Amino acid sequence: MEDHDHLVRQLISALRDDMSEAGRELKNRSAWDLQCPIVIIDARTNPHRIVRTSVRGITGAIATSNVIDDPLIRSFLERFREVGADEALDEFMHGSEAERFAELWDIYNDETQQQGLAVWSHSDAAKFVLKSKSCFDEGQLACIAITKAHDRDAHDVLTFSVDACWLS
């Protein structure tokens, strides 16, 4: 957790100017709604890429999955990180829940083809919407950072907030 806090502080310091317009816009709003600004930072690239969007635009800006939250897909992704794609896929396609996994795997692959590799689930996005409301009530800009994880194909999603007055 300390590493995440340190990373968030670094991102905020480095990208404050790029985030300031969203902070000013948030400060000038009288009430929270789905048009409130948020900031998404893709910290997997260098230089980091910032997307300023609205709460409503989250799932359009971040690849979001309908099935990534399913326990079977989650356990597959964990196993994938441990042993690699081929071995994990073989295990799950021939395991006790092979039929269910195959259905989920087809959906997951279709989503990936349509929008790219999913970063998070629709339930994660819904939780962030609620977080953005409480951030607004406290004068904070809600932010998301997508970061590299230890495995080259993995990522972490960090959510945090920044004081809108400090940004602007």
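So, here is what we can say about the structure in this document. On a predicted model such as this, the values are computed, not experimentally measured, just so you know. Here the residue numbers are simple positions, counted from 1 along each chain's written sequence. Restriction of local features to residues with pLDDT of at least 70 applies here, the model being predicted, together with a cutoff of 80 or more for giving and counting side-chain atom pairs; totals for whole chains, interfaces and linings are based on all residues. Note that the side-chain values use all heavy atoms of the structure and ignore hydrogens as well as water.

1. Concerning the side chain of Ser 121
Runs of E in the DSSP output that reach at least two residues are strands. Runs of H or I that reach at least four are helices, and both are numbered from the N terminus. Among the secondary structure elements, Ser 121 is positioned in strand 4 (residues 120-121). Relative accessibility under 20% of the residue-type maximum defines a buried residue, over 50% an exposed one, and the middle range a partly exposed one, all with a 1.4 Å probe and only protein chains included. Ser 121 sits in the buried class, given a relative accessible area of 2%.

2. Details of the packing of aromatic side chains
Two rings belonging to Phe, Tyr or Trp (six-membered ring only in the last case) form a pair when the distance between their centres is within 6.5 Å. Interplanar angles under 30 degrees mark stacking, angles over 60 mark edge-to-face geometry, and anything in between is tilted. Applying the stated criterion across every chain yields a total of eight aromatic pairs. Consider the rings of Phe 76 and Phe 92, whose centres lie 5.5 Å apart with planes at 85°: the pair is edge-to-face. Of this pair, Phe 76 sits in helix 3 (residues 71-83) while Phe 92 sits in helix 4 (residues 85-93), placing them 16 residues apart in sequence. In this structure Phe 92 comes out as buried when scored by relative accessible area, which is 14%. In this structure an aromatic cluster arises from ring pairing among Phe 76, Phe 80, Phe 92, Phe 101, Trp 105 and Tyr 108.

3. Observations concerning the environment of Asp 163
Relative to the helices and strands, Asp 163 is located in strand 6 (residues 155-163). Distance from Asp 163 to Gly 139, taken between C-alpha atoms, is 6.1 Å for residues 24 residues apart in sequence. The contact criterion used throughout is that any non-hydrogen atoms of two residues lie within 4.5 Å. Residues within four places of Asp 163 in sequence aside, it is in contact with Gly 139 and Gln 140.

4. So, the pattern of salt bridges
Salt bridges are counted wherever a side-chain nitrogen of Lys or Arg sits within 4 Å of a carboxyl oxygen of Asp or Glu. A full pass over the atoms with the stated rule returns 11 salt bridges. A salt bridge links Asp 33 to Arg 29, with the shortest nitrogen-to-oxygen separation between them at 2.6 Å. For Asp 33, a relative accessible area of 31% corresponds to the partly exposed category. In the salt-bridge network here, residues are joined through shared partners; they are Arg 79, Glu 82, Glu 87 and Glu 91.

5. Details of the packing of helix 4 against helix 5 (residues 98-115)
Interhelical geometry of helix 4 versus helix 5 gives an angle of 125° and a closest axis separation of 8 Å. The orientation of helix 4 relative to helix 5 falls into the category oblique. Listed contacts from helix 5 to Leu 89, Phe 92 and Met 93 of helix 4 are Ala 98, Phe 101, Ala 102 and Trp 105. Along the lines of polarity and charge, the residues of the contact of helix 4 with helix 5 split into seven nonpolar, no polar and no charged. As a rule, the C-alpha atoms of each element are fitted with a line to give its axis, helices using only the stretch in contact, and angles between N-to-C directions run from 0 to 180 degrees. Orientation is classified from the angle alone, with under 35 degrees giving roughly parallel, over 145 giving roughly antiparallel, 65 to 115 giving roughly perpendicular, and any other angle giving oblique. Lys, Arg, Asp and Glu make up the charged group, whereas Ala, Val, Leu, Ile, Met, Phe, Trp, Tyr, Cys and Pro make up the nonpolar group; the residues left over, Gly among them, are polar.

The values reported here are purely geometric and, on their own, carry no functional implication.
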